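The primary structure of each chain is shown beneath.
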Amino acid sequence: MPAPYRAGHVAVIGRPNVGKSTLVNALVGVKVSIVSPKAQTTRHRLLGIATFEHGQLLLVDTPGIHAKLSRAMNRYMNRAARGALTDVDAAVLVIEAGRWTDEDGLAYAALRDAGVPCVLVINKVDRLKDKTALLPFIAEHTREREFAAVHPLSALKGKGLRELADTLIGLMPESPPLYGEDEITDRSERFLAAELVREQLMLRLGEEVPYSTTVEIESFEEDGELLRIAAVIWVERAGQKPIVIGEGGRRLKAIGTGAREGMQKLFGRKVFLKLWCKVREGWSDDESALRQFGYAE
Ligand code: GDP
Ligand code: MG
């Protein structure tokens, strides 16, 4: 008898920057969730749909669970991460090879409270210089914690993903696929377009300014084969606008080019993108502005 088809939800949890979104993208096989070397790139919950011949995983990518809670935006992100733990069939706790921090402990505690089976993913093993350190590291950090399985892997290099997918599918209930085979996310193209602009902001702005920006899609129109998208980049203070625009408009242009390339790749069609930068004083600590910009749970 063939094994039954299994499908269900898996929350992907961990502190910022451990590679949660990279892992979701690698399992889905398409970049649905934006990635950058900066913490707090992911602000929203997003479903990545990974379909295999014997199962379907609905991977709930989340903002990192983090300790700083000062701004309304940070509170929104923590709610989105913790909220992802309700109604899932399993969770993946992602950590970095060779490091266990207090924030990893915080994420583990949130998982344990939720009472779902938890798989430990030790990501970025490609960065380990001394591979023999891995086994003692695993022994040390799993000794007093409960994991359904432990998977060292590299989301970036695509190593160890198949094994992880098999473990996760084994933890899912018997069920037919919950989404169509060609679906890759629950988010709209409009949402994904805004995220791709935000990814460029994370990549191209320095240390402080990206956290003060958000992106709002003003219009999203199909024009024959072409997609015409207009988006506003919101900043919190007037002084941040020239930083986004750059000398002679060069940075805004580069942001637009990068985002457009990402959109064309994801949507499989030509994109015409128009970008503006505007100021909304203190938006990231303003509950009504947050709702307007789509940060509502
Ligand atoms: P998140 O905040 O947990 O979602 O982390 P991201 O997926 O945004 O990744 C954060 C950074 O880690 C990015 O620069 C990724 O390219 C990098 N990264 C993710 N996975 C790996 C990996 O397996 N190996 C290495 N070397 N880098 C990785
Ligand atoms: Mg992320």
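The text that follows walks through the structure, step by step, so that each part is easy to find. Chains are numbered independently. Their residues run from 1 in the order of the written sequence. Starting at A for chains and at 1 for ligands, labels are handed out in the order in which the entities are written. Residue-level local features of this predicted model are given only where pLDDT is at least 70; pairs of side-chain atoms are given and counted only at 80 or more, and the full residue set underlies all totals for whole chains, interfaces and linings. Neither water nor hydrogens contribute to the side-chain values; these are computed over all heavy atoms in the structure.

**Section: the sheet that holds strand β9 (residues 271–279)**
Step number 1: With respect to topology, three strands assemble into an open sheet ordered β7-β8-β9, the strand pairing being mixed. The open sheet has two edge strands, β7 (214–223) and β9, and neither has a second partner. Strand-to-strand twist across the sheet, computed as the mean angle between neighbouring axes with direction ignored, equals 15°.
Step number 2: The criterion for strand pairing is that DSSP finds at least two bridges linking the strands in question. Only DSSP runs of H or I reaching four residues or more are called helices, and only runs of E reaching two or more are called strands; each is numbered from the N terminus. Pairing geometry for strand β8 (residues 226–235) and β9, over nine bridges, is parallel. The partner of W234 across the bridge, within β9, is K278.
Step number 3: Relative to the sheet, helix α6 (residues 189–204) contacts β7, β8 and β9, its axis offset from that of β7 by approximately 130°.
Step number 4: Contacts are residue-level and defined by heavy atoms, with any inter-residue pair within 4.5 Å sufficient. Under this scheme, a helix contributes an axis fitted over its contacting stretch, all axes are lines through C-alpha atoms, and angles between N-to-C directions fall in the 0 to 180 degree range. Set on the sheet, helix α8 (residues 250–267) makes contact with β7, β8 and β9; between it and β9 the angle comes to about 135°.

**Topic: the site of ligand 1**
Step number 1: Only a single heavy atom is needed: when it lies within 4 Å of a molecule or strand, its residue is near that molecule or strand. Taken together, the neighbourhood of ligand 1 is formed by 18 residues, with N17, G19, K20, T22 and D126 sitting nearest.
Step number 2: Whenever a nitrogen or oxygen atom comes within 3.5 Å of another N or O atom, the pair is scored as a polar contact, on the condition that within protein one atom can donate a hydrogen and the other can accept it, and that pairs from neighbouring residues in sequence are kept only if both atoms are in side chains. The contact in question runs from an oxygen atom of ligand 1 to an N or O atom on the backbone of N17, over 2.8 Å.
Step number 3: Within the side chain of K124, an N or O atom sits 3.0 Å from an oxygen atom of ligand 1.
Step number 4: Note that accessible areas follow from Shrake-Rupley with a 1.4 Å probe, and for residues the cover is restricted to the protein chains shown. Computed on the free molecule, ligand 1 has an accessible area of 580 Å², of which 89% lies beneath the protein chains in the complex.
Step number 5: With three residues, the single largest contributor to the shell around ligand 1 is helix α1 (residues 20–28).
Step number 6: Gly falls in the polar group here, along with every residue not listed as nonpolar (Ala, Val, Leu, Ile, Met, Phe, Trp, Tyr, Cys, Pro) or charged (Asp, Glu, Lys, Arg). Residue composition of the shell around ligand 1, by class: six nonpolar, eight polar and four charged.

Geometric descriptors of this kind do not, in isolation, establish any biological role.
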